[in-house]
There are 2 protein chains.
Amino acid sequence: MRGAIICIGDELISGRVAERNSRFAMSRLSPLGFEIASSIWVGDDMKAIAGALDQALAQASFVVVSGGLGSTEDDITAQAAARHFGLEIAESRRMIQNLKACFLAVGREVPPGVERMAQLPQGAEVLDKSCAGFMLTTPAQQPVYFLPGIPQENHRLLETHVLPDLMRRFAPQKVMVSQKFTVFGLGESEIAQRLDGLVAGYPEVSVGYYPVFPAEEVLLATRTSEPHRAEVLLNELFAEASHRLGGKVVAQGEQSLADSVAQRLSAEGLTLALAESCTGGLVGHLITGVSGASDFLDRGLITYSNRAKMELLGVEARVLNEHGAVSAETAAQMAAGARLESGVDLGLAVTGIAGPTGGSEEKPVGTVYFGLAAEDGVKTLHRRFMGDRAQIKLMSAWTALDMLRRYLEDHAFLHRP
Amino acid sequence: MRGAIICIGDELISGRVAERNSRFAMSRLSPLGFEIASSIWVGDDMKAIAGALDQALAQASFVVVSGGLGSTEDDITAQAAARHFGLEIAESRRMIQNLKACFLAVGREVPPGVERMAQLPQGAEVLDKSCAGFMLTTPAQQPVYFLPGIPQENHRLLETHVLPDLMRRFAPQKVMVSQKFTVFGLGESEIAQRLDGLVAGYPEVSVGYYPVFPAEEVLLATRTSEPHRAEVLLNELFAEASHRLGGKVVAQGEQSLADSVAQRLSAEGLTLALAESCTGGLVGHLITGVSGASDFLDRGLITYSNRAKMELLGVEARVLNEHGAVSAETAAQMAAGARLESGVDLGLAVTGIAGPTGGSEEKPVGTVYFGLAAEDGVKTLHRRFMGDRAQIKLMSAWTALDMLRRYLEDHAFLHRP
């Protein structure tokens, strides 16, 4: 079953604003087995919108249109749709009700001019709880969904209305069940190779790969009339995938790596201190992106200078002289120092060369050492990354968090009183 | 003059990979006065590519096509173009030379299979120094540029070949001159209002606004046959814009706010220490994104707990008790402590409530205090931001860097020996 996507807005085709709805729709439709014939972007222009609708309806069984449904004069998608389908424009009582409810929820009346958003093509079906979205069906029974361009609202309506409606129409009695997870430390081709044949016996299950630097998201998905059975199957497939990926699955569902580290630290009641050199605060930034990080994070020390490494972390001048600031020995003393100086359970350290300058033959740009200090001792890790400064910082920060994640997984028994 | 954009790739229309060439082309073409009729995305499919070329050539005087020029079997853009224009496919000697030169530059021979990239429609003009890009001209004299999908190469060829070629064809003897700058601390509508009438006497100069959260980029651009005069004019207009925006211009050209702060710190020979609470390391991350940050950044202290604020920065228990961790008094002691404890010239501090929890009636989520300590005393600043945790962190980090930027601008006379 093929669909088409249309995105409308002068701000899009001038490049002023990044388009955020097209890819979202594609990434949700593809795993459900819907193929996308094309995605067409046009400006707020009567003729261009009509042309896009013509093209889309010639190729596809359904169309998802985003944008141009606002209250200002340049928003003309509803009029363009009416003209294209030969329909009159009329005020939709249902949409007026929705608008009143939306504004009432924030204690306001509908401002003048906003009623314009209720001027819809006759016969348009207003989407539930939406202040702008509606649907038309062509004589050939092709549904055309019109969604507002604001990404949050657009994505919500796609998930709650468009996808279920498409499933009802084109895949009766089937629902979508999926299992998403994040893999770090393996390239896409390596992951694909390890998962080769995973779903061989299950032609209804698809595997999708979505690179989100520096990690990879993997989506197992199926359309089914027996959701409970499918969930059991996907859980088994996920367990098998995790096994094959050898501990490189760093988070499940919508969780990030930082979320899964934070969750485990909170659950175990463990406290953390950071010692960062080349990442410059990025590890702290990632872990404090999780709400509630103050429960476990005591402090982070961005020790950019050697003096700071000595003063704040107790790194020895001898170690810095003999092994250099970028060395396993320094990383170990940084981690141990962060743990001891702050009196926490765990110290996590990163030191490396993010480039583009500062590399040498012995220690080229991208050389990074990691240290993790705990009650039972200090571990270190050495990596050599390729990429620009921003990429090396990001890979280093992820590797540090992942080192901590693996430690916490291996020591799950270490509950605090 | 209207153009159209086509992006080709199964990975795009499945939503697997974010499309990065379409918006780039639009954002470069628009300021030059080229209007975009549409942007069409299709998969690696003969019929779909042909359909997209038909649509694009019906609407536009030129077409920029990206993607599907690689060496694997699913890359069929060159064949689709040949079939669509009724041309034979032949090996391009020029492209073979380019491929050899590309691989020679990294000390390798052209790997088997890669010669496939030299199989082009007869009459195709190979783009200079490109291993994949070429151009065809339709009987109606419409240039169709075929660029590789890899963003870096795509953008390079667009800038070095496509834009100059379009200017030659459609705007003879005119070149593009532009002046870009970044504004922080004013919304788009406020900026537009302050710049209202700025270019009123110069119909050939356009003003474009490009939001890049939490800042706004403004682009003054013109096509001209007298580039030197245009540069002088744009410099004058930029000076007038800066004046009207009252010091809210935080960076010029391709520089970021962090770049301009770093540049000034290095130029003045001043050293810096950070004390971050709610930003959790983000200020450090932004400033260490600049290569050479080790010249001025001594350390950063992510003092998430009150204990860390006292131990590392000498914040007094009395201040924390009486005023709270999120207060002007604490921000001032954090900044002064960072400066004194590390023996640097400047201490910069942030403390606030990033949410979604932790707010109160008196200090709601988004309340943030800043401190800047220097030889001549300590300043503080209070802001209340709206948004989610990630947005509040980002606005806080930018505000901290901007506070430092303004201090450095006001104290430009303070040269060190």
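Please read all numbers here as calculations on a predicted model, not as lab measurements. In this convention, every chain numbers its residues from 1, walking through the sequence in written order. All chains are assigned letters beginning at A, and all ligands numbers beginning at 1, according to the order in which they are written. Where totals are concerned, whole chains, interfaces and linings use all residues; where local detail is concerned, this predicted model gives features only for residues with pLDDT of at least 70, and gives and counts side-chain atom pairs only at 80 or more. By convention in this description, side-chain values take in all heavy atoms of the structure and omit both hydrogens and water.

(A) Main features of the state of the cysteines. Residues and elements named next belong to chain A. We call a pair of cysteine sulfur atoms a disulfide whenever their separation is within 2.5 Å. Taken as a whole and assessed by the stated rule, the structure comprises two disulfides over all chains. Each sulfur in the disulfide pair Cys102 and Cys131 lies 1.9 Å from the other. Looking along the S-S bond of the Cys102-Cys131 disulfide, the torsion reads about 110°, which is the right-handed sense. Of the two residues, Cys102 sits in helix H5 (residues 93–105) while Cys131 sits in the loop between strand S6 (125–126) and strand S7 (134–137), which places them 29 residues apart along the sequence. Numbering of helices and strands starts at the N terminus; helices are DSSP runs of H or I of at least 4 residues and strands are runs of E of at least 2.

(B) Summary view of the relation of the copies chain A and chain B. Least-squares superposition of the copies uses the C-alpha atoms of those residues scoring a pLDDT of at least 70 in each of them. Laying chain A over chain B is done by rotating through 180° and shifting 0.0 Å along the axis; what remains is an RMSD of 0.0 Å. With respect to symmetry, the two chain copies, as superposed, fit the operation of a two-fold axis. Working rule for contacts: check all heavy atoms of both residues, and any pair within 4.5 Å makes them a contact. The fraction of interface residues of chain A whose copies in chain B are also interface residues reaches 100%, indicating that both copies meet through the same surface.

(C) Layout of the domain arrangement of chain A. On domain assignment, one finds that chain A holds domain 1 (2–170), domain 2 (175–252) and domain 3 (258–410). Each domain's extent is set by a domain assignment, obtained either automatically or from a database. Computed over C-alpha atoms, the centres of domain 1 of chain A and domain 3 of chain A are 48 Å apart.

(D) Molecular detail of the interface of chain A and chain B. The partner chain B presents 60 residues to the 60 residues of chain A that form the contact. Note on chain A versus chain B: buried area summed over both sides is about 4,500 Å², and carbon and sulfur give 49% of it. Salt bridges are defined by distance alone: a side-chain nitrogen of Lys or Arg within 4 Å of a carboxyl oxygen of Asp or Glu. On the surface where chain A and chain B come into contact, there are four salt bridges. Note that A:Glu311 is salt-bridged to B:Arg299, the shortest N-O span being 2.9 Å. Under the rule applied, a polar contact is a pair of N or O atoms within 3.5 Å (in protein, one hydrogen donor and one hydrogen acceptor; residues adjacent in sequence only if both atoms are side-chain atoms). Where chain A packs against chain B, one counts 26 residue pairs in polar contact (both at pLDDT 80 or more). Per-class residue counts for the side of chain A that touches chain B are 23 nonpolar, 26 polar and 11 charged. The term buried area means the drop in 1.4 Å probe accessible area that two parts suffer when joined, counted for both and summed. In this count, Pro and Cys sit with the nonpolar residues alongside Ala, Val, Leu, Ile, Met, Phe, Trp and Tyr, while Asp, Glu, Lys and Arg are called charged and the others, Gly among them, polar.

(E) Inspection of the sheet that holds strand S14 (residues 297–303) of chain A at higher detail. Spatial ordering of the open sheet is given by S17(A)-S16(A)-S15(A)-S13(A)-S14(A)-S14(B)-S13(B)-S15(B)-S16(B)-S17(B), a layout of 10 strands whose pairing is mixed. What marks the edges here is a single partner per strand, and that holds for strand S17 (377–384) of chain A together with strand S17 (377–384) of chain B. For this sheet, the mean inter-axis angle between neighbouring strands, taken without regard to orientation, is 10°. Think of it this way: DSSP has to see at least two bridges between two strands before they count as a pair. As paired strands, strand S16 (residues 367–374) of chain B and S17(B) are joined by eight bridges and run antiparallel to one another. Residue pairing for S17(B): B:Gly371 is matched across the bridge by B:Thr380. Axis definition: a line fit to C-alpha positions, over the contact stretch in the case of helices; interaxial angles, taken between N-to-C directions, run 0 to 180 degrees. Across the face of the sheet, helix H14 (residues 389–410) of chain A comes into contact with strand S13 (272–276), strand S15 (346–352), strand S16 (367–374) and S17 of chain A while running at roughly 30° to S16(A).

(F) The arrangement of the packing of aromatic side chains in detail. Any two of the Phe, Tyr and Trp rings considered here, Trp counted by its six-membered ring, make a pair once their centres fall within 6.5 Å; the pair's planes then place it as stacked at under 30 degrees, edge-to-face at over 60, or tilted in between. Evaluation of the coordinates by the stated rule reveals 11 aromatic pairs over all chains. Consider the rings of A:Phe34 and A:Phe62, whose centres lie 5.4 Å apart with planes at 80°: the pair is edge-to-face. Of this pair, A:Phe34 sits in the loop between helix H2 (22–29) and strand S2 (35–42) while A:Phe62 sits in strand S3 (residues 62–66); the two residues are 28 residues apart in sequence, bridging distant segments of the chain. The same class applies to A:Phe34 as to A:Phe62, namely buried. Through a chain of ring-to-ring contacts, the aromatic side chains of A:Phe34, A:Phe62 and A:Phe170 assemble into a single cluster. We note B:Arg223 situated over the ring of B:Phe34; from NZ or CZ to the ring centre the distance is 5.7 Å. Residue exposure (1.4 Å probe, protein chains only): buried if accessible area is under 20% of the type maximum, exposed if over 50%, otherwise partly exposed. Only when the NZ of Lys or the CZ of Arg is both within 6 Å of the ring centre and within 35 degrees of the ring normal is a charge said to sit over the ring.

(G) Quick look at the pattern of salt bridges. Residues and elements named next belong to chain A. Evaluation of the coordinates by the stated rule reveals 40 salt bridges over all chains. Between Arg169 and Asp165 there is a salt bridge; the shortest N-O distance is 2.9 Å. Of this pair, Arg169 and Asp165 both sit in helix H6 (residues 151–170), four residues apart, which is roughly one turn of the helix. The exposure class of Asp165 is buried, given its relative accessible area of 8%.

(H) How the structure looks around helix H11 (residues 306–313) of chain A. Residues and elements named next belong to chain A. Taken residue by residue, H11 has Ala308, Lys309, Leu312 and Leu313 as its buried positions. Axial view of H11: buried residues confined to an arc of 105°, hence all on one face. At the C-terminal side of H11, Gly314 shows a positive phi close to 70°. Each direction from the helix axis to a C-beta atom contributes to the arc, which is the arc of those directions.

(I) View of helix H13 (residues 328–342) of chain B. Residue and element names in this part refer to chain B. With 15 residues, H13 extends 21 Å from end C-alpha to end C-alpha; this agrees with the ideal 21 Å at 1.5 Å per step. Those residues of H13 lying buried are Thr330, Ala331, Ala332, Gln333, Met334, Ala335, Gly337, Ala338 and Ser342. Note on H13: the residue one or two positions beyond its end, Gly343, has a positive phi of about 65°. A helix is expected to span 1.5 Å for every residue after the first.

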